[in-house]
Amino acid sequence: MPTSAKTQPEDISQCRSIQSFVRREGRITPAQKKALAQLWPHYGIDLGTEPLELEAIFNRNAERILEIGFGNGDSLIQQARLAPEKDFLGIEVHRPGVGHLLLCLEAEGLENIRVIGDDAWKVLQHHLPEQSLQGVQIFFPDPWPKKRHHKRRLIQPPFVDLLWHKLKPNGWIHLATDWQNYADQMMRVLSQHPGFGNLAGEGRFAQGPGERPSTKFERRGQRQGHPVWDLKFTKLLAPS
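On a predicted model such as this, the values are computed, not experimentally measured, just so you know. (Residues numbered from 1 in each chain as written. Predicted model: local features only at pLDDT ≥ 70, side-chain atom pairs only at ≥ 80, totals over all residues. Heavy atoms only, no water.)

Q: Please clarify how the pattern of salt bridges should be interpreted in this entry.
A: Applying the stated rule across the entire model yields eight salt bridges. With a closest N to O distance of 2.6 Å, Asp-87 and Arg-60 form a salt bridge. Taken together, the residues span a long stretch of sequence, with Asp-87 in strand β2 (residues 87-91) and Arg-60 in the loop between α3 (54-58) and β1 (64-68) at a distance of 27 residues. A single network of salt bridges, built from pairs that share partners, joins Arg-60, Arg-64 and Asp-87. (Salt bridge = Lys/Arg side-chain N within 4 Å of Asp/Glu carboxyl O. Helix = DSSP H or I, 4+ residues; strand = E, 2+ residues; numbered from the N terminus.)

Q: Where do I start with the side chain of Glu-67 in this structure?
A: Tracing the chain through its elements places Glu-67 in strand β1. Nearest to the buried, unbridged Glu-67 among oppositely charged side chains is Arg-212, at 8.8 Å. Within polar-contact distance, the side chain of Glu-67 engages the side chain of Ser-75 at 3.2 Å. Setting aside its immediate chain neighbours within four residues, Glu-67 contacts Ser-75, Leu-76, Gln-79, Leu-89, Gly-90, Ile-91, Gln-137 and Phe-139. (Buried < 20%, exposed > 50% of the residue type's maximum accessible area, 1.4 Å probe, protein only. Lys, Arg positive; Asp, Glu negative; His and termini not counted. Polar contact = N/O pair within 3.5 Å; in protein donor to acceptor, adjacent residues only side chain to side chain. Contact = heavy atoms within 4.5 Å.)

Q: Can you help me understand the UniProt feature "binding site: substrate" (unreviewed entry) in the chain in this one?
A: This chain's UniProt record puts "binding site: substrate" (unreviewed entry) on Lys-146, Asp-178, Thr-215, Lys-216, Phe-217 and Glu-218. Looking at the element boundaries, Thr-215 is found in the loop between β6 (196-198) and α9 (216-223). Non-local contacts of Thr-215, meaning those with residues more than four positions away in its chain, are made with Ser-75 and Phe-140. Following the sequence through the fold, Glu-218 ends up in helix α9. A relative accessible area of 6% places Glu-218 in the buried class. Reaching out from Glu-218, the side chain makes a polar contact with the side chain of Arg-212 at a distance of 2.6 Å. (UniProt positions renumbered as here; feature names shortened; annotations may be inferred.)

Q: Help me out: how do you make sense of the packing of aromatic side chains in this one?
A: The geometry of an aromatic ring pair is captured by two quantities: the separation of the ring centres and the angle between the planes. Under the criterion given, the structure shown has one aromatic pair. Above the face of the Trp-164 ring, Lys-235 is positioned so that its terminal group lies 4.0 Å from the ring centre. (Phe/Tyr/Trp six-rings, centres within 6.5 Å; stacked < 30°, edge-to-face > 60°. Lys NZ or Arg CZ within 6 Å of the ring centre and 35° of its normal.)

Q: Explanation requested: the environment of Val-115 in the structure shown.
A: With respect to the element layout, Val-115 can be found in strand β3 (residues 113-116). Separated by 48 residues in sequence, Val-115 and Glu-67 place their C-alpha atoms 9.7 Å apart. Once you skip the residues sitting within four places of it in the chain, Val-115 turns out to touch Trp-40, Tyr-43, Gly-44, Ile-45, Phe-70, Gly-90, Val-98, Leu-101 and Leu-102.

Q: Help me understand the nonpolar core in this model?
A: Nonpolar side chains tend toward joint burial in soluble globular proteins. Membership of the largest hydrophobic core comes to 34 residues, with the highest contact counts inside it found for Leu-66, Ile-68, Leu-128, Ile-138, Ile-155 and Phe-159. Elements that contribute at least two residues to this core include exactly β1, β2, α6 (120-126), β4 (133-139), α7 (157-166), β5 (167-177), α8 (180-192) and β7 (229-235). Residues in contact with Ile-138, not counting those within four places in the same chain, are Ile-68, Leu-154, Ile-155, Phe-159, Leu-163, His-174, Leu-175 and Ala-176. Counting residues in each nonpolar core, the second largest holds 20 residues, with Ile-28, Ala-80, Ala-83 and Leu-110 among its members. (Core = buried A, V, L, I, M, F, W, Y, C linked by side-chain atoms within 4.5 Å.)

In structure tokens:
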């Protein structure tokens, strides 16, 4: 199995030093709080000590997409609505955003989304089986813009190596950011991993978002003149 030059499979569990998020509770509405209490047992996943049995959770065998840091769930909702044949797993620690998504799921009657409210590193390391995902999408992760905080960015070599192990053969990663410095780092990290190939061509960003839905956060940034960089990489069966 191809691994990055710096991170071997047995070393991945030792690389959990990146704190890539801060829990900002923000304002949670009474409806969101009620959704977290009443709807979580249906749509939420409480982690135990064993790997998740995704076929049992979704009650079927289907292509599965993981979104890390889904915000208020706009992207997940739109994709799940348009692709009922696929299953979507979302990870988010922002409780108001999770509550908002739960309310939307109930209103639309969507059954192909399940939610985890925990650290993505923990979920990937200990709870998702290897080669269990067809795709991983991370849209507008915290850019940690100050240089001294760049080490907290999620897209680092050990994390990308971990994603490689969780993806099926020919699985994919789709990233998006409106911070050029972070976009350049994402490109560098993914391009240097021997187990991934750039779908747009070496060193090139994707031409537009493709099937990625536009989010409220993205549209606000575009009104402020922020360009967006998309990256799409596929898992290679052997190192390039």
